[in-house]
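An overview of the molecular structure
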Amino acid sequence: PFPLGSNRPWAWGIMEVASYFVLFSAIYVNIGRVKQLLTPLILPVALLLIFCFWNILQIAPLPLSLLSVFSPTAFSYYEMVNADFGAISIDVAQSKIMLYKTISYLCFFISAVMLCNTMQRIRTVMLVVTFVGVFQAMYGASEVLLNIDNSLIFQLPIKAWATGTFVYKNHYANYLLLCLSMGLGYLVHSLLITQSSKSSKQKLRSFLNTLLNGKALVRIALAIMVIALVMSRSRMGNTAFFAAVTVVGLLSLVLIKQRTKGLTILIVSMFIIDMFILSAWFGLDKVKTRLEETSFSQETRDEVVRDSVPLLKDVALTGAGMGTFYTAYPKYTGEDVDIFYDHAHNDYLQFAIEAGIPATIVLFLLPLLAAYKCVRTLRDRQTPTAKGFAFGALVAIIGMSVHISVDFPLQAPANAALFIVILALAFKVSDRKFR
């Protein structure tokens, strides 16, 4: 996340090389157990591989006679320049960039499954992600509170809202949402470890242990991240997080049979302390005002969706090619849209336009299956770490599913990479043999 959310060519290039190196290293240290580690997750890996394979097919050169059958829209583009061959993608260079990113995400997915092979490592992941989020929160909030004109990193202009090391506030808010979900997961894990102490001496020892083993620090970290999330002034980022916590919190009260009193208190405190007290101090009213003042006459995102529907109809089966929205959309732009849109501000729509509806369904089956696995883990597994991670992952999945309906956080490599790791470990902890 540090180099502008890795949303620059040089930054995502570093990310891709790093992901390949990590995967090769993971295979090397698990050379005799690769099949054993990946077999329980064959379905999600297969879904990602199918999507990668489709990305490759989109850039493969085809005779125009064959292309006219599979993608009449792409055929019309290549026919205009009298080409002998053409691809399903109308911008092969952009589709290649997206292919390399997709392969990188696949590498992260497989690496996470292979390297996080103990519950202790799952807990370490939750803590690391939480404190990366705390850094982002403190950095982003400090820039605004100190009235700094330009960021310490890359000297970007600072506006009235927090962006951390990101450029776009909604990408920043989404990243905090993912980090918050992991912090919540760690706390739930801690609170599910039952305490049987009854004497005053044992209670004191339990209280001191709580302070020293990180639970208190993690709770403080969550509060700091909520403050920064509110200060981002991201309407849907805040809505997505609090909606996800509400849904998963209520669901967990039903699914987790042997929950402790501390877990119930945590869920209630997320609403009372974070939403009403901290958020009110740091500008929740401003987010509320932005929501109330938003109207269709002020926003043109709804016109983008309206204009994109005919585009989707033309490329529904095969897509226009990954990364080609900004190439395809101008042809369909209405006269009342006078702003250049390089993204659809709706990841569901953008993936459908770029990849086609069938490939998009294949890809979005991944978080859907992960959510199902999380629900089963909360209901059936007894391991506190598994339940805790499932809680956090479910918050991340529901929050992301809400946020991408009006924005494009999955187009930011840092966000997509972290989300794919969360999905991978959600599948991992659902395996009953993994303890």
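Scoring rules and cut-offs
Residues numbered from 1 in each chain as written. Predicted model: local features only at pLDDT ≥ 70, side-chain atom pairs only at ≥ 80, totals over all residues. Heavy atoms only, no water. Helix = DSSP H or I, 4+ residues; strand = E, 2+ residues; numbered from the N terminus. Buried < 20%, exposed > 50% of the residue type's maximum accessible area, 1.4 Å probe, protein only. Contact = heavy atoms within 4.5 Å. Areas by Shrake-Rupley, 256 points an atom, 1.4 Å probe, with all protein chains shown as cover. Axes fitted to C-alpha atoms, helices over the stretch in contact; angles between N-to-C directions. Left-handed = near helix turned anticlockwise from the far one by under 90°. Nonpolar A, V, L, I, M, F, W, Y, C, P; charged D, E, K, R; others polar. Phe/Tyr/Trp six-rings, centres within 6.5 Å; stacked < 30°, edge-to-face > 60°. Expected span 1.5 Å × (residues − 1). Polar contact = N/O pair within 3.5 Å; in protein donor to acceptor, adjacent residues only side chain to side chain. 1 Å grid on protein atoms, 1.4 Å probe; cavity = no way out; pocket = protein on both sides within 12 Å on 5 of 7 lines; lining within 4 Å. Points joined across faces, edges and corners; volume = space filled by probe spheres on them. Lys, Arg positive; Asp, Glu negative; His and termini not counted. Salt bridge = Lys/Arg side-chain N within 4 Å of Asp/Glu carboxyl O.

Looking only at helices and strands, one finds 19 helices and two strands in the protein chain. The burial tally for the protein chain puts 54% of its 435 residues in the buried class. Within the protein chain, residue pairs in contact and separated by at least 24 positions form 79% of the contacts whose partners lie at least 6 positions apart. By element, 68% of the accessible surface of the protein chain is carried by carbon and sulfur atoms, the whole surface being about 19,900 Å².

Among all residues save glycine, negative phi is the norm, and among peptide bonds the norm is trans. Unlike most non-glycine residues, Leu4 shows phi in positive territory, near 60°. In this structure, Asn147 is a non-glycine residue whose phi angle is positive, near 55°. By the element assignment, Asn147 lies in the loop between helix 7 (119-145) and helix 8 (169-191). Assessed through its relative accessible area of 63%, Asn147 is described here as exposed.

Further remarks concern the packing of helix 10 (residues 215-231) against helix 11 (residues 235-255). Following both chains from N to C, one finds helix 10 and helix 11 inclined at 145°, their axes separated by 8 Å at the closest point. Where helix 10 crosses over helix 11, the two elements pack in a sense that is left-handed. Where helix 10 abuts helix 11, its residues Val226, Leu229 and Val230 lie against Gly237, Asn238, Phe241 and Phe242. Of the residues in the contact of helix 10 with helix 11, the class split is five nonpolar, two polar and no charged.

So, on to helix 16 (residues 347-355). Along helix 16, eight of the nine residues are buried, which leaves the element largely enclosed by surrounding structure. Of the positions making up helix 16, those classed as buried are Asp347, Leu349, Gln350, Phe351, Ala352, Ile353, Glu354 and Ala355. Gly356 lies just past helix 16 and shows a positive phi near 95°.

Turning next to the packing of aromatic side chains. Inspection of the entire model under this criterion finds 10 aromatic pairs. A centroid spacing of 5.4 Å and a plane angle of 35° characterise the contact between Tyr348 and Phe364, whose relative ring orientation is tilted. Here the residue Tyr348 occupies a position in helix 16, and Phe364 occupies one in helix 17 (residues 357-380), the gap between them amounting to 16 residues. A relative accessible area of 19% places Phe364 in the buried class.

Over its 21 residues, helix 11 runs 30 Å from end to end, which matches the ideal 30 Å to within 8%, given 1.5 Å per residue. Residues of helix 11 that are buried include every one of Arg235, Gly237, Asn238, Ala240, Phe241, Phe242, Ala244, Val245, Val248, Gly249, Ser252 and Leu255, and no others. Its side-chain oxygen placed 3.0 Å from the backbone nitrogen of Gly237, Ser234 serves as the N-cap of helix 11.

The subject of this paragraph is the layout of surface pockets. Of the volumes computed, that of the largest pocket is approximately 870 Å³. Around the largest pocket, the lining comprises 38 residues; the ones closest to its centre are Asn7, Arg8, His171, Asp342 and Phe408. Of all elements in the fold, only helix 6 (92-115), helix 8, helix 15 (325-328) and helix 16 reach the threshold of two or more residues within the lining of the largest pocket. The leading source of residues in the lining of the largest pocket is helix 6, at four residues. Looking at the second largest pocket, it is lined by 27 residues, and the ones nearest its centre are Phe108, Tyr175, Ala417, Leu418 and Val421. Looking at the lining of the second largest pocket, the elements with two or more residues in it are helix 1 (9-29), helix 6, helix 7 and helix 19 (413-430). Split into classes, the residues belonging to the lining of the second largest pocket amount to 23 nonpolar, three polar and one charged.

Counting through the fold element by element, Ser71 comes out in the loop between helix 4 (64-70) and helix 5 (72-80). Under the relative-accessibility criterion, Ser71 is labelled buried at 3%.

Considering the arrangement of structural elements, one finds Pro40 in the loop between helix 2 (34-38) and helix 3 (42-59). Taking C-alpha positions, Pro40 is 8.7 Å from Phe427, a pair spaced 387 residues apart along the chain.

Glancing now at the side chain of Lys387. Locating Lys387 in the fold gives a position in helix 18 (residues 384-403). One buried charge, Lys387, has no salt-bridge partner; the nearest side chain with opposite charge is Asp380, at 7.3 Å. For Lys387, the side chain forms a polar contact with the main-chain oxygen of Leu378, separated by 2.5 Å. Ignoring any residue separated from it by four or fewer positions in sequence, one finds Lys387 in contact with Leu192, Thr377, Leu378, Arg379, Asp380, Arg381 and Gln382.

Once that is clear, we can look at the pattern of salt bridges. The final tally for this structure, using the stated rule, is four salt bridges. With a shortest N-O distance of 2.9 Å, Arg379 and Asp380 are connected by a salt bridge. Owing to a relative accessible area of 41%, Arg379 belongs among the partly exposed residues under this scheme. The exposure class assigned to Asp380 is partly exposed, which follows from its relative accessible area of 23%. A salt bridge links Asp380 to Arg432, with the nearest nitrogen and oxygen atoms 3.7 Å apart. On the criterion of sequence distance, the pair formed by Asp380 in helix 17 and Arg432 in the segment after helix 19 is long-range, its members being 52 residues apart. On the basis of relative accessible area, Arg432 is assigned to the partly exposed category, the value being 47%. One salt-bridge network, in which partners are shared between bridges, spans Arg376, Arg379, Asp380 and Arg432.

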